[in-house]
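Notes for the structure review
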Amino acid sequence: KPHLLLFHERHLLAGSELASHSTPLLFRSDVLSALLIPMADPQADPAAQPELMDEDEPFFSNLDLFLFSLIAGLIVYWLIFRKKAEPIPEFKKLEPQTTRETSFIDKMKKTGKNIVVFYGSQTGTAEEFANRLAKDAHRYGMKGMSADPEEYDLSELSRLTEIENSIAIFCMATYGEGDPTDNAQDFYDWLHEGDADFSGVKYTVFALGNKTYEHYNAMGKYVDQRLAELGAQRIFDLGMGDDDGKLSENSWVCLSLSLSLSVCLSIRQYELKVHSDLNMNKIYTGELGRLKSFENQKPPFDSKNPFLAPVTVNRKLNKAGDRHLMHLELDITGSKIRYESGDHVAVYPINDSVIVNRIGDLLGVDLDTVISLNNLDEESNKKHPFPCPTTYRTALTHYLDITNPPRTNVLYELAQYATEPKDQENMRKMASSSAEGKALYQSWVLDSCRNILAILEDFPSLRPPIDHLCELLPRLQARYYSIASSSKVHPNSIHICAVVVEYKTKTGRVNKGVATNWLKNKMPADNGHKATVPMYIRKSQFRLPFKSSNPVIMIGPGTGIAPFMGFVQERGWLKEQGKDVGETVLYYGCRYKNEDFLYQEELEEFEKTGVLTALNVAFSRDQAEKVYVQHLLKKNKEAVWRLVHTDNAHIYICGDARYMARDVQNAFYEIAEELGGMSRAQAVDYIKKLMTKGRYSQDVWS
């Protein structure tokens, strides 16, 4: 029936509008009547036309009734369920959330403390030292707290005078090129830019550093000087700790606070809690911060939240010899991690399971016991020495340093557990400040490279409670490697160049480097299981010149070649982009050309294509007389002096700080004297000015 077709089309249209716009569907009676009038087909045969209405035929067909019912149902649905105006909700006033206390003054008042020990720490040494000072203060009628400057408002330092007999101690380590540690960066910036009045504030500074570095204890020196400039009262001269000289920490401590660390009582800072029925999902298994962060990775990635980077390449670099030099590539695809040439990659290694198991055997403990070590000082921000709850096995594997020689305070506190009087006497002697004790500690512990396992083995009567041992041992630290790639060429990959550390000690034991031996075994797997490395990026000041047209002189023997692989890759990329790139000169050194010439093929190709202007390689043992990079510098002194003095070249040095960096610097002094007509004092000043201008940069280690 034609009139029904018209009705269906209109109904479907109206239905679609109703569904999409929630518009009521209204039908006028005259329209409905018109729709129901039969429509004549002008092309049809009149004789074939049916009658308009048979009186026996019902007025509405079954289909008409169905359609009317459907329309009525839609109208009712719209009237009942139409979207009503939503009332504006009433919001209850939220209670203020508990936030971390940033006022160290208020905390000191609340807890009755009168000594605050701030620490700037990169590897944990300064933090450990600060904790010891704060812990021992009560034996001299004072109460101390250690504090991370990153967690408190240091502008409140001027309020320290509100607390009677108060003292602020600063244990400040220096990082890199005289830089503050990560956690002291904001404090340094505030001191540098601020003009606070610290009149009446009593303070002293203990600097921690290493004499082999150019900027020895620079941060401690600056804090000491700046606090005095701002009116604070220095109660004792700046203490200078040389980690390479095994951290002199006795006379400074005794004189400044009478906190004689050599007469140390056994004071527990943490109490042990053993868990018997804890849900396994609530136990830390190696995470640094957030529980299960290794299973559910979320950016941004940093020291507390490292990224698990799959190892895609792990190959041996040297062709021969008894050493193992390796090249690794870490995949950072999808991590949103960004890096620049010259940055460092930090990796978190784990300890050798053989050492961990041996400690457990000697102490007779079940290493899979789930425990927490809880701070006895409830007001302390540091609730645990490492992430808890966890197992002894996880703590010894992931969180604690069990391979470095223990410090004297650890020996003293452990001595009480030695049942043999002679063992106890020797341990306490080594922890004392006497000349004999220092000499014994130097020879028996440091020179013999005895770690905690060796000490337990060589003192058979020493069997301390494992929870106290875990409390005393320092944290296992991240290891830093200069990145051996450029993000311009390898945006989703970070390259590492390292030498595996393994040596025999005076006791006949074989000591292995924690990180390098762990990395050596991180092989890309073909079975679908990915070998991963927890890592993050540490930004560096070791940067290529802003102007690519500036020449660069790179000096990096051995694995010191690492950052320069990134530099050369980037200079090559810049040339491909049509940039004006200055001379790129490399001085590299190794033992034998046919044994440990790292990246030989790549470097020779860079030289062939003109990316490297000059490749100078010193093979120290290929001839009777040893030849090192500093000898090649002096051999090419005219070209070197022209680049530095006339063409504004930037100088970069990477590698050993103890000998190589010093010898290279002396070579530059000699070149400046000879070709610049300077005295030694003038030459030294000349190089220092290059450092100040950022044209003489070092990435060195000892």
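Where an unreviewed UniProt entry is consulted, the chain appears under the name NADPH--cytochrome P450 reductase, with the organism given as Cyprinus carpio. According to its UniProt record, the chain has this under Subcellular location (unreviewed entry): "Endoplasmic reticulum membrane".

Along the chain, the regular secondary structure elements total 23 helices and 23 strands. Relative to its full complement of 702 residues, the chain shows a buried share of 48%. Taking contacts inside the chain between residues at least 6 apart in sequence as the whole, the part at least 24 apart equals 75%. Per element, the accessible surface of the chain, about 35,500 Å² overall, is 51% carbon and sulfur.

Grouped together as the largest cluster of nonpolar side chains are 40 residues, with contacts concentrated most on Ile359, Phe386, Leu396, Leu400 and Ile402. Once residues lying within four places of it in the same chain are set aside, the contact partners of Phe386 are Ile371, Leu373, Ala395, Tyr399, Leu400, Cys470 and Arg475.

At a closest axis distance of 12 Å, the pairing of helix α17 (residues 562-576) and helix α19 (residues 600-608) adopts a crossing angle of 30°. Here α17 runs over α19; the crossing is left-handed. The segment α17 lies against α19, with Met565, Val568 and Gln569 engaging Glu602, Leu603 and Phe606. Split by residue class, the contact of α17 with α19 holds four nonpolar, one polar and one charged.

It is worth spelling out helix α22 (residues 660-676) at this point. With 17 residues, α22 extends 23 Å from end C-alpha to end C-alpha; this agrees with the ideal 24 Å at 1.5 Å per step. Burial in α22 covers these residues: Met660, Ala661, Val664, Gln665, Ala667, Phe668, Tyr669, Ile671 and Ala672. Among the structural elements, β19 (552-555), α20 (629-635), α21 (637-646), β22 (650-656), α23 (680-692) and β23 (696-701) are those in contact with the buried residues of α22. Backbone geometry just downstream of α22 places Gly677 in the positive-phi region, at approximately 65°.

This part takes up the environment of Lys429. Relative to the assigned elements, Lys429 resides in helix α12 (residues 421-430). Considered as a pair, Lys429 and Tyr441 are 12 residues apart in the sequence and their alpha carbons are 8.3 Å apart.

Once that is clear, we can look at the packing of aromatic side chains. All told, the structure shown has 21 aromatic pairs when counted by the stated rule. Ring centres of Phe597 and Phe619 lie 5.6 Å apart, and the angle between their planes is 70°; on these two criteria the pair is classed as edge-to-face. On the criterion of sequence distance, the pair formed by Phe597 in the loop between α18 (593-596) and α19 and Phe619 in strand β21 (residues 614-619) is long-range, its members being 22 residues apart. Using a relative accessible area of 16% as the deciding quantity, one classes Phe619 as buried. Put simply, the rings of Phe104, Phe118, Tyr152, Phe170 and Phe187 touch in pairs and so form one group of aromatic residues. In this structure, Arg450 packs its charged tip against the face of Trp444, placed 3.9 Å from the ring centre. When the ring centre of Trp573 is taken as reference, the NZ or CZ atom of Lys488 above it lies at 5.9 Å.

This brings us to the pairing of strand β20 (residues 584-590). The buried fraction of β20 is high, at seven of seven residues. Where β19 meets β20, four bridges bridge the pair, whose relative direction is parallel. Bridge assignment links Ile553 to a residue of β20, and that residue is Val585. Assessed by its sense of winding, the connection that carries the chain from β19 through α17 to β20 is right-handed. Here β20 pairs with β21 via six bridges, running parallel.

Packing of helix α6 (residues 185-193) against helix α7 (residues 218-229) brings their axes to within 11 Å, and their N-to-C directions diverge by 40°. Comparing their axes, α7 and α6 come out oblique. With respect to the hand of their crossing, α6 and α7 are arranged in left-handed fashion. Packed against α6, whose contacting residues are Phe187, Tyr188, Leu191 and His192, the element α7 presents Met219, Tyr222, Val223, Arg226 and Leu227 at the interface. Classifying every residue of the contact of α6 with α7 by side-chain character gives seven nonpolar, one polar and one charged.

So, how was this worked out
Residues numbered from 1 in each chain as written. Predicted model: local features only at pLDDT ≥ 70, side-chain atom pairs only at ≥ 80, totals over all residues. Heavy atoms only, no water. UniProt positions renumbered as here; feature names shortened; annotations may be inferred. Helix = DSSP H or I, 4+ residues; strand = E, 2+ residues; numbered from the N terminus. Buried < 20%, exposed > 50% of the residue type's maximum accessible area, 1.4 Å probe, protein only. Contact = heavy atoms within 4.5 Å. Areas by Shrake-Rupley, 256 points an atom, 1.4 Å probe, with all protein chains shown as cover. Core = buried A, V, L, I, M, F, W, Y, C linked by side-chain atoms within 4.5 Å. Axes fitted to C-alpha atoms, helices over the stretch in contact; angles between N-to-C directions. Left-handed = near helix turned anticlockwise from the far one by under 90°. Nonpolar A, V, L, I, M, F, W, Y, C, P; charged D, E, K, R; others polar. Expected span 1.5 Å × (residues − 1). Phe/Tyr/Trp six-rings, centres within 6.5 Å; stacked < 30°, edge-to-face > 60°. Lys NZ or Arg CZ within 6 Å of the ring centre and 35° of its normal. Pairing = 2+ DSSP bridges. Right-handed = clockwise from strand over helix to strand, strands pointing away. Parallel < 35°, antiparallel > 145°, perpendicular 65-115°, else oblique.

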